[in-house]
Amino acid sequence: MRIDIITLFPEMFESPLNHSILKRAQDEGIVSIALANIRDFTTDKYHKVDDRPYGGGAGMVLMPVPLFDCFEHVEKLAPTRGRVIMLTPQGEPFRQAKAQELAREERLILIAGRYEGFDERIRIGLNAEQISIGDYVLNGGELAAMVVIDAVVRLLPGALGHEESAQDESFAEGLLEYPHYTRPEVFRGMRVPEILLSGDHAKIAAWRRRQSLERTKAWRPDLLPKDPPTDTRS
Ligand code: ADE
């Protein structure tokens, strides 16, 4: 997979992209990630990327011209356009199912905004999808882009090194994950559940499944499937 990031702050990505799984996935050629700075595509003396909103109001708006020039440069860096995604609080809420969908793509182009927002013609002109990582407002889309990249790259074949772990974890089946334990067997009076020491794999699997369901019911009931539809035929 190739991921291009269009941003005003490429330096913000340095640390997250250069550690642990994201670093290894790049080193092993599982993903290549490239950064483009919108400011490099300005043509005026002040390298201006934002301006006051038409109609008045607070804050500044990201201008379409440098963003489009940057996008058109980035687009040509690989043969496929892939999915073009703007990070914005107005976007579709980001969930595991979306991460799985994006992990099947050959290329993603992520656009991180700043200021009060993007000039509307950016979304329309690029025919971009919009993703939000939650119902709160960040100072820009960079952290959101990193969240999306982190969630997607770990799903790419080979990224984790051991295939089953991305299958098992929270949300993979729409449920929260079961509890984990490692040594010691007793810690500050708290014992590892006996069943996990039994060696009975079928029983352990059933216990874990029950735990997943119980936790989801208690902590995230919104994740459980809605009541099955009632049969209205007479
Ligand atoms: N930019 C600012 N806030 C955001 C959010 N919650 N999700 C995605 N991008 C954003």
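Please refer to the structure placed before this passage.
Keep in mind that what you see is a predicted model, and the values were worked out from it rather than measured.

Procedures and definitions
Residues numbered from 1 in each chain as written. Predicted model: local features only at pLDDT ≥ 70, side-chain atom pairs only at ≥ 80, totals over all residues. Heavy atoms only, no water. Buried < 20%, exposed > 50% of the residue type's maximum accessible area, 1.4 Å probe, protein only. Helix = DSSP H or I, 4+ residues; strand = E, 2+ residues; numbered from the N terminus. Pairing = 2+ DSSP bridges. Near = heavy atom within 4 Å. Polar contact = N/O pair within 3.5 Å; in protein donor to acceptor, adjacent residues only side chain to side chain. Areas by Shrake-Rupley, 256 points an atom, 1.4 Å probe, with all protein chains shown as cover. Core = buried A, V, L, I, M, F, W, Y, C linked by side-chain atoms within 4.5 Å. Contact = heavy atoms within 4.5 Å. Salt bridge = Lys/Arg side-chain N within 4 Å of Asp/Glu carboxyl O.

**Thoughts on the pairing of strand β6 (residues 107-112)**
No. 1: Of all 6 residues that make up β6, 6 are buried, and the element is covered over most of its length.
No. 2: Side chains Arg107, Ile109 and Ile111 of β6 all project onto a buried face; the interleaved residues Leu108, Leu110 and Ala112 project onto the opposite face, where all are buried too.
No. 3: Pairing geometry for strand β1 (residues 2-7) and β6, over 5 bridges, is parallel. In the strand pairing of β6, Ile5 is matched with Leu110.

**Some words on the sheet that holds strand β3 (residues 50-51)**
Strands belonging to one sheet form pairs held by backbone hydrogen bonds; the direction of such a pair is parallel or antiparallel.
No. 1: One open sheet holds the 3 strands; their spatial order is β3-β4-β7, and the pairing between them is mixed. A strand with exactly one partner marks an edge of an open sheet, and here the two such strands are β3 and β7 (117-118).
No. 2: For β3 and strand β4 (residues 61-62), the ladder comprises 2 bridges, and the chain directions are antiparallel. Across the sheet, residue Asp50 finds its bridge partner in β4, namely Leu62.

**Points about the site of the ligand**
No. 1: Neighbouring the ligand are 13 residues, the closest being Thr88, Ile133, Gly134, Tyr136 and Leu138.
No. 2: Here a nitrogen atom of the ligand and a backbone polar atom of Thr88 are 3.2 Å apart.
No. 3: Leu138 is positioned such that a nitrogen or oxygen atom in its backbone is 3.0 Å from a nitrogen atom of the ligand.
No. 4: Its free accessible area being 260 Å², the ligand has 96% of it covered by the protein chains.
No. 5: If you list the elements that add at least two residues to the shell around the ligand, you get β5 (83-93) and β8 (129-132).

**Regarding the nonpolar core**
No. 1: Counting 32 residues, the largest nonpolar core has Ile3 and Ile149 as its most contacted members.
No. 2: Not counting residues within four places of it along the chain, the set of residues in contact with Ile149 comprises Ile3, Ile5, Leu17, Leu22, Ile33 and Leu110.
No. 3: Formed by 18 residues, the second largest nonpolar core is a distinct cluster that contains Leu8, Cys70, Ile122 and Leu126.

**Describing the pattern of salt bridges**
No. 1: If you walk through the whole model with that rule in mind, you get 16 salt bridges.
No. 2: For Lys98, the salt bridge is made with Glu92, and the minimal N-O distance between the two is 3.4 Å.
No. 3: Taking relative accessible area as the criterion, Lys98 reaches 9% and is therefore assigned buried.
No. 4: The salt bridge involving Arg123 is made with Glu120; its shortest N-O contact spans 2.4 Å. With Arg123 and Glu120 both in helix α5 (residues 120-126) and 3 residues apart, the pair spans about one turn of that helix.
No. 5: Classification of Arg123 as partly exposed rests on a relative accessible area of 28%.
No. 6: A single salt-bridge network, built from bridges that share partners, covers Arg83, Glu92, Lys98, Glu101, Glu105 and Glu129.

**Remarks on unusual backbone geometry**
No. 1: For the bond running from Arg183 to Pro184, omega is 5°, close enough to zero to count as cis.
No. 2: Note on placement: Pro184 falls in the loop between α7 (164-168) and β9 (186-187).
No. 3: You will see that Asn127, though not glycine, has its phi angle at about 50°, which is positive.
No. 4: Tracing the backbone through its elements, the reader meets Asn127 in the loop between α5 and β8.
No. 5: Relative accessible area serves as the criterion here: at 64%, Asn127 is assigned to the exposed category.
No. 6: Although it is not a glycine, Arg188 adopts a positive phi angle of roughly 45°.

**What about the environment of Gly141?**
No. 1: Here Gly141 is to be found in the loop between β8 and α6 (142-153).
No. 2: We classify Gly141 as buried; its relative accessible area is 5%.
No. 3: Here the alpha-carbon distance between Gly141 and Thr7, two residues 134 residues apart in the chain, equals 8.3 Å.
No. 4: Those residues in contact with Gly141 that lie beyond four places of it in its chain are Leu87, Ala112 and Gly113.

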